[in-house]
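Fold and contact review
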Amino acid sequence: MNSWARSDLRELDIEQINLSWTERELPQRLRTKHVHGLHPYLGKFIPQLAEIFLRYYFKPGQRVLDPFVGSGTTLVEANILGIHSVGIDISEFNCFLSRVKTAKYDLMLLRKEIFNILERVKQTVSPQFSLQLQLIPSIQEKTAEYIAANEYLERWYAPQARLELLTYRSLIPEYEYQDVLKVILSRAARSARQVPHYELDWPKEPVREPYYCHKHKRICYPVTEALKFLERYSYDVYRRIRAFQTIRKEEVEVRVIHGDARTVPLEGQFDGILTSPPYVGLIDYHEQHRYAYELLGLKDLSHLEIGPLSEGQSERAKASYVQDMVEVFRNLLPYIRESGVIIFIVNDKFGLYDEIISTAGLRLEKRITRQVNRRTGRRSSEFGEDILIMRKGD
Ligand SMILES: C[S@@+](CC[C@H](N)C(=O)[O-])C[C@H]1O[C@@H](n2cnc3c(N)ncnc32)[C@H](O)[C@@H]1O
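Attention in this report is confined to the structure presented alongside it. (Residues numbered from 1 in each chain as written. Predicted model: local features only at pLDDT ≥ 70, side-chain atom pairs only at ≥ 80, totals over all residues. Heavy atoms only, no water.)

Remarks on the nonpolar core
Ranked by internal contacts, the top residues of the largest apolar core, which has 53 residues, are Y157, Y168, V180, I184, L230 and I241. Of all the secondary-structure elements, those providing two or more residues to this core are α4 (92-102), α5 (107-125), α8 (151-156), α9 (159-171), α10 (178-192), α11 (227-245) and α12 (290-296). Mapped onto the domain boundaries, this core takes at least three residues apiece from domain 1 (3-103 + 248-392) and domain 2 (107-244). Not counting residues within four places of it along the chain, the set of residues in contact with V180 comprises V100, Y105, L110, I114, V237 and I241. Core analysis: the next-biggest nonpolar cluster, separate from the first, contains 35 residues, I88, V280, V322 and V346 among them. (Core = buried A, V, L, I, M, F, W, Y, C linked by side-chain atoms within 4.5 Å. Buried < 20%, exposed > 50% of the residue type's maximum accessible area, 1.4 Å probe, protein only. Helix = DSSP H or I, 4+ residues; strand = E, 2+ residues; numbered from the N terminus. Domains from an automatic or database assignment. Contact = heavy atoms within 4.5 Å.)

Overview of the packing of α5 against α9
Two quantities define a packed helix pair, namely the angle between the helix axes and the distance between the axes. Between α5 and α9, whose axes approach to 10 Å, the crossing angle comes to 135 degrees. Here α5 lies oblique to α9, going by the angle between them. Considering the relative orientation of α5 and α9, their crossing is right-handed. The segment α5 lies against α9, with I117, R120, V121, T124 and V125 engaging Q160, L163, E164, T167, Y168 and L171. Partitioned by chemical class, the residues of the contact of α5 with α9 number six nonpolar, three polar and two charged. (Axes fitted to C-alpha atoms, helices over the stretch in contact; angles between N-to-C directions. Parallel < 35°, antiparallel > 145°, perpendicular 65-115°, else oblique. Left-handed = near helix turned anticlockwise from the far one by under 90°. Nonpolar A, V, L, I, M, F, W, Y, C, P; charged D, E, K, R; others polar.)

Considerations on helix α3 (residues 73-80)
Of all eight residues that make up α3, seven are buried, and the element is covered over most of its length. Those residues of α3 that fall on the buried side of the exposure criterion are T73, T74, L75, V76, E77, A78 and N79. Once α3 ends, the next one or two residues include G82, with phi positive near 75 degrees.

Regarding the site of the ligand
Neighbouring residues of the ligand: 25 residues in total, closest Y41, S71, T73, D89 and S276. S71 places a side-chain nitrogen or oxygen 2.7 Å from an oxygen atom of the ligand. Within the backbone of I306, an N or O atom sits 3.0 Å from a nitrogen atom of the ligand. When the free accessible area of the ligand is taken as 600 Å², the share hidden by the protein chains comes to 99%. Grouping the constituent residues of the shell around the ligand by class yields 12 nonpolar, eight polar and five charged. (Near = heavy atom within 4 Å. Polar contact = N/O pair within 3.5 Å; in protein donor to acceptor, adjacent residues only side chain to side chain. Areas by Shrake-Rupley, 256 points an atom, 1.4 Å probe, with all protein chains shown as cover.)

Side note on the packing of α5 against α10
In the contact formed by α5 and α10, the axes pass within 10 Å of each other and the chain directions differ by 45 degrees. With respect to α10, the element α5 is oriented oblique. Crossing angle aside, the handedness with which α5 passes α10 is right-handed. Only V180, L181 and I184 of α10 make contact with α5, whose side of the interface consists of L110, E113, I114 and I117.

Concerning the state of the cysteines
One pass over the structure, following the stated rule, counts zero disulfides. In this model C213 remains outside any disulfide bridge; the closest cysteine sulfur is found in C220, 3.9 Å from its own. A residue is classified by how much of its surface remains accessible, and C213, at 0% relative accessible area, is buried. (Disulfide = S-S within 2.5 Å.)

Printed below as a string of structure tokens:
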């Protein structure tokens, strides 16, 4: 039986539990089940890993903190297990995605809104309507003004795709579940960029002509519209939210705070931390969702990211990382109970955590290494990941 599905998990020694699953044992479909697959996010940890550590170290009714909440994996899994949770993240997009995943919905209303806005966009951008649009100079001017004002949209989208995305965006304020509609819009905006299929994560230059696609091994064509993505993701997002609503526990606290883990004030006490922190010079967490920042006008706090990609992996960058993580602990430890557990899932390839742990006045109880077997297209690789189980006091 797969380890995450065992009911007697707590009777085992955590080191005996298999955490190095193969693609066959834990396929993508299960790793991205229900709301975990709501929107692409680079740097996510897999929900089954969060589930195991929550079940092993926490009990229903307790409270867990994730100071680097990312796309909200810990919060979703904690809720299912009846564990209260609070997440912090410096990226506004990540906070908003985590909130959308964990919120409570009136499914009838949600469905009505998702498909109503889609229908209205379809009608608005249809050729007949576009013709009428030409007769309404105020709308035309407004759209043109916005397109001209935003360099990013002009650079990465075909005119038709831009019009469809902006039309959708302009209607969002008329609905109750605006954040869900924004997720659908962001996801469509990601897919509708004029980028080669093999560079969806970190595109370098827009493509305007047919190109040889390394991913599909054939000639592919740049995207010219956004509507088909808005439609596809409307169905997908609704289906995923509906699936999570059937297992979501209502009486359990879920809170998301947009802030810096080094300085943000918290309330109350926690039974522990479960998180996967940023590492040194690996991922630009704001940049990966640039389209959403531009379209939704979100606040960019990338200068406060810990271990920013822009600083690289130099000795100076590593020293700043150590100092920043010590500050995170200084800020958060007063909110953790004396008996609390602190679990960090991180590929500590530069061996920085020994120093962080001792400077922060923590004790390393266990270091478990699991093999990560990633088999997705060009990013296929195998590497070790450390799971650090820490306690307060040295
Ligand atoms: C490895 S990711 C977490 C992924 C998460 N476990 C998940 O499954 O989606 C690290 C997160 O730390 C956030 N982060 C970076 N610097 C931060 C800071 N100073 N305060 C709070 N969050 C920060 C990034 O925005 C990113 O979302």
